[in-house]
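Spelled out from the first residue to the last, the chains are:
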Amino acid sequence: MTTPSQQFAASVVAELVAAGVKNFYLAPGARSQALAIAAGQLAGAGKLSLTVRLDERSLAFTALGRAMSTAEPSVIITTSGTAVANLHPAILEAHHSGVPLILLTADRPAELRGIGANQTTEQIGMFGNALRGTHDVPAPRPGSTPSAKDLVATAISQSLGGAKPPGPVQLNLQFVEPLSSSEPSAVKVLAGLEKRPLEFPAASEEQIEIEVDNHTVVIAGAGAGPAAVRFAEKANLPLFAEPSSGARYGSSAITNYVQGLTTELAGEIRRVVVFGKPTLSRGVIALIKNSSVYVAKSANYGNFDIGKNVIATSWNLIPKGVAEKHWLDSWKEFEPLSEPRATLSQAIWNAPGSTPILIGASNIIRVADSCLVPRPKTVFSSRGLSGIDGSVSTAIGIAQAGAGVRALIGDLTLFHDAGSMNISGLPNLNVQLIIGNDSGGEIFRKLEVAKNISPEMLSQLFLTPQEIDIEKLCEAYGWQYFAAVNLTELNEAMKADGYVVIDYKL
Ligand SMILES: Cc1ncc(C[n+]2csc(CCOP(=O)(O)OP(=O)(O)O)c2C)c(N)n1
């Protein structure tokens, strides 16, 4: 027996696969059952990768991590109601950091909204302006089934961006009973479709020349990539590259520019050329506000103009002129920051191999920015909104891309996403969570608030010290646990495969 629900769901999922989308994420629910069946059939036939997780919030961050590392859209399938709302944090991060996601949110038919129907809310508009596209799709019924082909083509192209950065797109799919059937098989539907690779928007060839001299520096924030390195090296300029910029390597990159910016050398800078979205250091933001600013348009992060003072921006920046050697050399004189978090982040940065690194928000990434000696590394960090949420699940999604992951995060960042340690149903992946454990949110000690209140208030309202037993957490969820108090123990623990937590006491 077939039903319009199953026919349509099979077509939507098969059209996505035919258009080159491979990575699907599903949380269980009744309203979305036809989509789940279709995805399950295609996964069984080896046509797509399907990840099933209970908690939609974890699911969405896992999908985000996968899309961050592949640049391909992850598809997320949910049932209706709060299930959809649980996607919100990951959607906001995807919106602000240009990560493609396609949401298939199942819904009841529109006529049941606002009249007390169970598990029914306004799923359209729920995510404000964070979506690249929203499509409220009427329920398939006998004799009137929406066209999956056009819908899917629009969703894919909106998610991959072009005029706008990539981002999340919502297909809100209404379903009426009967909600599913055993036929048609999505595998058969796919067999009748023409398969093609994903079509990414072409890069722009627009370019401008920027004059450079001994008073110019290059700043590379999140998402900057190799273009920043090429520009800096061609012009012999100092390159201030954040750990997740994809540009912290090469002969121009400066290890501890953060310290340099606190010295009189900073006063020499008149012009800055910015790639990506810098967020980590107040010194850099102040510098941008007080300089002549040129910005490379970012494919993922949109238009950066934090000081509202950008003179010119283009997709491709070409340096005009070359700085003298002494200008670059003078920035190389600052020693890496030395403190326990620096030792920890250097150990992970310098570890052999090419395992991707995820660095959580908070103290650790700022310390890393002041101490990591430049070298080519694959580093991710959720700098769209710098949340401490979703780090465990984002790490799992990055690992799913094939090369495992080492995630360096704070203890509160772990506890915030502890539910994502539920790995039931996931394949065996190499996921190392390395916890810089200082029993609380120590970053707040460095902020102005610490000067304004008593130590007791600081602790109660901000540091929120925790005494959660990480070893027991690992036991409950089936992760291997290692405690480490020095580099020897850390390096030994980093040899372990599978789902691993290394509890590094700071
Ligand atoms: C979702 C979210 N909630 C709150 C914050 C504010 N915040 C920033 S850092 C931090 C504490 C993090 O503590 P931990 O992970 O232990 O790192 P540490 O500060 O010790 O380096 C908090 C609560 C945030 N960035 N994101």
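Rules used throughout
Residues numbered from 1 in each chain as written. Predicted model: local features only at pLDDT ≥ 70, side-chain atom pairs only at ≥ 80, totals over all residues. Heavy atoms only, no water. Near = heavy atom within 4 Å. Polar contact = N/O pair within 3.5 Å; in protein donor to acceptor, adjacent residues only side chain to side chain. Areas by Shrake-Rupley, 256 points an atom, 1.4 Å probe, with all protein chains shown as cover. Helix = DSSP H or I, 4+ residues; strand = E, 2+ residues; numbered from the N terminus. Salt bridge = Lys/Arg side-chain N within 4 Å of Asp/Glu carboxyl O. Buried < 20%, exposed > 50% of the residue type's maximum accessible area, 1.4 Å probe, protein only. Pairing = 2+ DSSP bridges. Right-handed = clockwise from strand over helix to strand, strands pointing away. Axes fitted to C-alpha atoms, helices over the stretch in contact; angles between N-to-C directions. Parallel < 35°, antiparallel > 145°, perpendicular 65-115°, else oblique. Left-handed = near helix turned anticlockwise from the far one by under 90°. Contact = heavy atoms within 4.5 Å.

A.B. asks: Just give me the short version of the site of the ligand, but keep the residues and values in it.
C.D. replies: Among the 17 residues in the neighbourhood of the ligand, the closest are listed as S362, N363, T413, D438 and G440. Contact between the ligand and S386: a nitrogen atom at 3.2 Å from a main-chain N or O atom of the residue. Within the side chain of T413, one N or O atom sits 2.6 Å away from an oxygen atom of the ligand. Protein coverage of the free-state accessible area of the ligand, which is 590 Å², stands at 75%. The biggest single contributor to the shell around the ligand is helix α15 (residues 411-416), with four residues.

A.B. asks: Which residues make up the pattern of salt bridges, and what are the values?
C.D. replies: Inspection of every chain in the model, using the stated rule, returns 17 salt bridges. Here K22 and E72 are joined by a salt bridge, their closest N and O atoms 3.0 Å apart. Remark: E72 occurs in the loop between α3 (56-70) and β3 (74-78) and K22 occurs in the loop between α1 (4-18) and β1 (23-26); sequence separation between them is 50 residues. Close ionic contact of K325 with D329 constitutes a salt bridge, the shortest N to O distance being 2.7 Å. Residue K325 and its partner D329 are both found in helix α11 (residues 325-331); the two are separated by four residues, about one turn of the helix. The class of K325 is exposed, set by a relative accessible area of 57%. Salt bridges sharing common partners tie together D107, R113 and D136.

A.B. asks: Describe the pairing of strand β18 (residues 480-484), and please don't skip the residues or the numbers.
C.D. replies: Successive residues of a regular strand alternate their side chains across the two faces of the sheet. Alignment of β18 against strand β19 (residues 499-505), held across five bridges, turns out to be parallel. Bridge pairing in β19 links A484 to Y504. Since β18 and β19 lie parallel, the crossover through helix α19 (residues 487-493) that links them has a hand, and here it is right-handed.

A.B. asks: So what's going on with the packing of α3 against helix α14 (residues 391-400)? Which residues, and what values?
C.D. replies: α14 packs onto α3 with a crossing angle of 40 degrees between their chain directions and a minimal axis gap of 6 Å. As summarised for this structure, α3 and α14 are arranged oblique, according to the angle between their axes. Between α3 and α14 lies a crossing of right-handed hand. Contacts between α3 and α14 pair S58, F61, T62, L64, G65, R66, M68 and S69 from the former with S393, T394, I396, G397, I398 and Q400 from the latter.

A.B. asks: Got a sec to walk through the side chain of R406? Specific residues and values, please.
C.D. replies: One can find R406 in strand β16 (residues 405-410). At 3.2 Å, the side chain of R406 forms a polar contact with the backbone oxygen of M494. R406 has contacts with I348, A351, P352, T355, P356, I357, L358, Q432, I434 and M494, leaving out every residue within four places of it along the chain.

A.B. asks: Now, about the sheet that holds strand β2 (residues 49-52): what can you tell me, with residues and values included?
C.D. replies: Read from one edge of the open sheet, six strands run β2-β1-β3-β4-β6-β5, paired in parallel fashion. Each end of this open sheet is capped by a strand with a single partner; those strands are β2 and β5 (133-137). Averaged over neighbouring strand pairs, the angle between their axes works out to 15 degrees when direction is ignored. In this sheet, strand β4 (residues 101-107) lies alongside β3 in parallel orientation, the contact comprising five bridges. By the bridge assignment, T78 is partnered in β4 with T105. In the packing of helix α6 (residues 148-160) onto the sheet, contacts are made with β4, β5 and β6 (168-174), and the angle to β6 comes to roughly 155 degrees.

A.B. asks: Tell me about the side chain of S181, and please be specific about residues and values.
C.D. replies: Mapped onto the elements, S181 comes out in the loop between β6 and α7 (186-191). With a relative accessible area of 8%, S181 lands in the buried category. At 2.8 Å, the side chain of S181 and the backbone oxygen of E183 are in polar contact. Those residues within four positions of S181 in sequence are excluded, and the remaining contacts are M1, T2, T3, Q6 and I37.

A.B. asks: How would you sum up unusual backbone geometry? Please name residues and give values.
C.D. replies: Put simply, E177 and P178 share a cis peptide bond, and its omega is -5 degrees. Here P178 is to be found in the loop between β6 and α7. For the bond from E183 to P184, the omega torsion is -5 degrees, close enough to zero to count as cis. For P184, the location among the structural elements is in the loop between β6 and α7. You will see that S362, though not glycine, has its phi angle at about 95 degrees, which is positive. Along the chain, the position of S362 falls in the loop between β14 (357-359) and α13 (363-369). On the basis of relative accessibility, which here comes to 22%, the residue S362 falls in the partly exposed class. With phi around 55 degrees, S439 is a residue other than glycine that occupies positive phi space.

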